[in-house]
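Chain by chain, the residues run as shown.
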Amino acid sequence: MISKQLMKILILCFWVNIVFFPSFFTYSIISFVIMGNGITMESNPIIAGITLLFDLPFLFLSIYTVYFFYKYDRYSKSGIYLLLFNFIYVHIYFYRVIWKRKRKLANTFKHEAVLGNKIFIETEDFENYN
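Everything numeric here is computed off the predicted structure, so don't read it as measured data.

## Looking at the overall build of the protein
(1) Moving on: When its secondary structure is counted, the protein shows four helices and zero strands.
(2) Moving on: Going from the N terminus to the C terminus, the protein shows its helices and strands as α-α-α-α.
(3) Moving on: Among the 130 residues that make up the protein, the fraction classed as buried is 26%.
(4) Moving on: Sequence separation of 24 or more characterises 71% of the internal contacts of the protein that already satisfy a separation of 6 or more.
(5) Moving on: Accessible surface, the protein as shown: approximately 10400 Å² in total, 65% of it carbon and sulfur.

Here is the structure:
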């Protein structure tokens, strides 16, 4: 389903987000305590650039997670969580469902091998219609 290169990119985006979000919140709390005004994008363009740079992996991961949900899963609870708690649940959904496959997908089924098996097609008798 997922190519190895895409999976490596998604895992990299996952880890970048896991590292970035706590460090960003820690920085915002420290700057609020020390400076008294918190982080504003207008006052510090370096922080704005770094934030934009680290928001792109989150955007890519969240778009792919929603795409994967609509293409393969369609499990109703996950859809509600992705809609309401997108910021947190994207990482949980990616880890559990896409990366580690801890939960079965809702729209999947096992394919049986057709090669070597005989398939009988019923034919109609045309004598009954004449």
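## Observations concerning the environment of Tyr81
(1) Moving on: Its location among the elements puts Tyr81 in helix α3 (residues 76-84).
(2) Moving on: Owing to a relative accessible area of 35%, Tyr81 belongs among the partly exposed residues under this scheme.
(3) Moving on: It is 9.2 Å that separates the C-alpha atoms of Tyr81 and Tyr93, two residues lying 12 residues apart in sequence.
(4) Moving on: Among all residues touching Tyr81, those that are not within four sequence positions of it are Asn86 and Tyr89.

## Focus: a nonpolar patch on the surface
(1) Moving on: Among the surface-exposed residues, Ile29, Ile30, Phe32, Val33 and Ile34 lie close enough to one another that they form a single nonpolar patch of about 550 Å² accessible area.
(2) Moving on: With respect to the element layout, Ile29 can be found in helix α1 (residues 4-35).

## A few points about the packing of aromatic side chains
(1) Moving on: A full pass over the atoms with the stated rule returns 17 aromatic pairs.
(2) Moving on: Connected via pairs of aromatic rings, a cluster forms that spans Phe69, Tyr70, Tyr81, Phe85, Tyr89 and Tyr93.

Rules used in this analysis
Residues numbered from 1 in each chain as written. Predicted model: local features only at pLDDT ≥ 70, side-chain atom pairs only at ≥ 80, totals over all residues. Heavy atoms only, no water. Helix = DSSP H or I, 4+ residues; strand = E, 2+ residues; numbered from the N terminus. Buried < 20%, exposed > 50% of the residue type's maximum accessible area, 1.4 Å probe, protein only. Contact = heavy atoms within 4.5 Å. Areas by Shrake-Rupley, 256 points an atom, 1.4 Å probe, with all protein chains shown as cover. Patch = residues over 30% accessible without salt bridge, like charges linked within 9 Å, V, L, I, M, F, W, Y side chains within 5 Å. Salt bridge = Lys/Arg side-chain N within 4 Å of Asp/Glu carboxyl O. Phe/Tyr/Trp six-rings, centres within 6.5 Å; stacked < 30°, edge-to-face > 60°.

No statement about biological role is implied by the geometric values presented.
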